[in-house]
Amino acid sequence: MNFTDSLWLSIEAIYSKILAHPFVQGLTDGSLDESAFRFYAIQDALYLQDFARGLAILGAKADSDDDFLMFCDHASNAILVERSMHDSFFKAWQLTSEQVYNTPPAPNCLLYTSYLLRVALGLPYYEAVGAFLPCYWIYWQVGKELVQKGSVNPLYQQWIDTYASDEFEAVVKAVLPVMDNLALGLTQPQKEAVKHHFIITSKMEYLFWDMGYHQQEWEV
Ligand SMILES: Cc1ncc(CO)c(N)n1
């Protein structure tokens, strides 16, 4: 079994809860309140800015030029995806860039991006790759799952199509072997450290959708 297969097995219960979450369910059956989706999309634009910076740090830490090129490419792509949201979703809602960028990050968004950046900046390369993997992998799996049902809402369908696309599949399939190759040189405790981050950020993926569903506010 590949190391990444064992990682996925470790989050099966979390992944099931993600698929069952009313936010995710509501994307296909249309029951998701569009104001919750809008809240999520704005937070995701903020998330992608930090995610891209984290990927650039991974690129800088990479131990091969191939990994460097890949993570830098993914970093710039995350910003391009974020920008395309302004031409699609935000335009549909007549939201200006200022309105998006002046929105404070919700607690779960800040929690997630802060964790990613802490691991990217402060911990070894292989641990950071483990922390970033769920961002890729869970979205691809969710996209593939939801595209089978499709959505009654064209905006939700557009979102689903992005993550079920061949382009996104190629991105995920490029990053998984990086983790598997790194794992070949890791001790058991080092692999446990990777799995630890993988599980935490998988939980944060759940929390991110939950944040959108409840339009999470700062309590104070
Ligand atoms: C929260 C979150 N995780 C993963 C992705 C996909 O990169 C995204 N756009 N947003």
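Keep in mind that this is a model prediction, so the values were computed, not measured. (Residues numbered from 1 in each chain as written. Predicted model: local features only at pLDDT ≥ 70, side-chain atom pairs only at ≥ 80, totals over all residues. Heavy atoms only, no water.)

On to the pattern of salt bridges. If you walk through the whole model with that rule in mind, you get one salt bridge. Its salt-bridge partner being K173, residue E169 comes within 2.6 Å of it at the nearest N-O pair. Note that E169 and K173 are positioned in helix 11 (residues 166-184) at a spacing of four residues, about one turn of the helix. (Salt bridge = Lys/Arg side-chain N within 4 Å of Asp/Glu carboxyl O. Helix = DSSP H or I, 4+ residues; strand = E, 2+ residues; numbered from the N terminus.)

Let us look at the nonpolar core. Counting residues in each nonpolar core, the largest one holds 79 residues, and the members touching the most others are F37, F51, F71, V142, W159 and W209. For this core, the element with the most residues is helix 9 (residues 125-149), which contributes 15 residues. In contact with V142, not counting residues within four places along its chain, are Y15, I18, L19, V24, W159 and W209. (Core = buried A, V, L, I, M, F, W, Y, C linked by side-chain atoms within 4.5 Å. Buried < 20%, exposed > 50% of the residue type's maximum accessible area, 1.4 Å probe, protein only. Contact = heavy atoms within 4.5 Å.)

Below, the discussion takes up the state of the cysteines. A full pass over the atoms with the stated rule returns zero disulfides. With no disulfide of its own, C109 lies 12 Å from the sulfur of C135, the closest cysteine sulfur. With a relative accessible area of 1%, C109 lands in the buried category. Overall, the relative accessible area of 8% leaves C135 in the buried class. (Disulfide = S-S within 2.5 Å.)

Among the residues of helix 3 (residues 22-29), those classed as buried are F23, V24, G26, L27 and T28. Among the structural elements, helix 2 (12-20), helix 4 (34-61), helix 9, helix 10 (154-163) and helix 12 (188-214) are those in contact with the buried residues of helix 3. Downstream of helix 3 by a residue or two, G30 has a phi angle that is positive, lying close to 80°.

We now examine the confidence of the model for the chain. Averaged over every residue, the pLDDT of the chain is 97; the share at 70 or more is 100%. As a predicted assembly, this complex carries a pTM of 0.97 together with an ipTM value of 0.98. (pLDDT = per-residue confidence, 0-100.)

Take K203: it is sitting in helix 12. Along the chain, K203 and K17 lie 186 residues apart, while their C-alpha atoms are 9.7 Å from each other.

The residue Q94 is not glycine, and still its phi comes out positive at about 55°. Tracing the chain through its elements places Q94 in the loop between helix 6 (89-92) and helix 7 (97-101). The exposure class of Q94 is exposed, given its relative accessible area of 70%. Backbone geometry at Q215 places phi at a positive 50°, although glycine is not the residue there.

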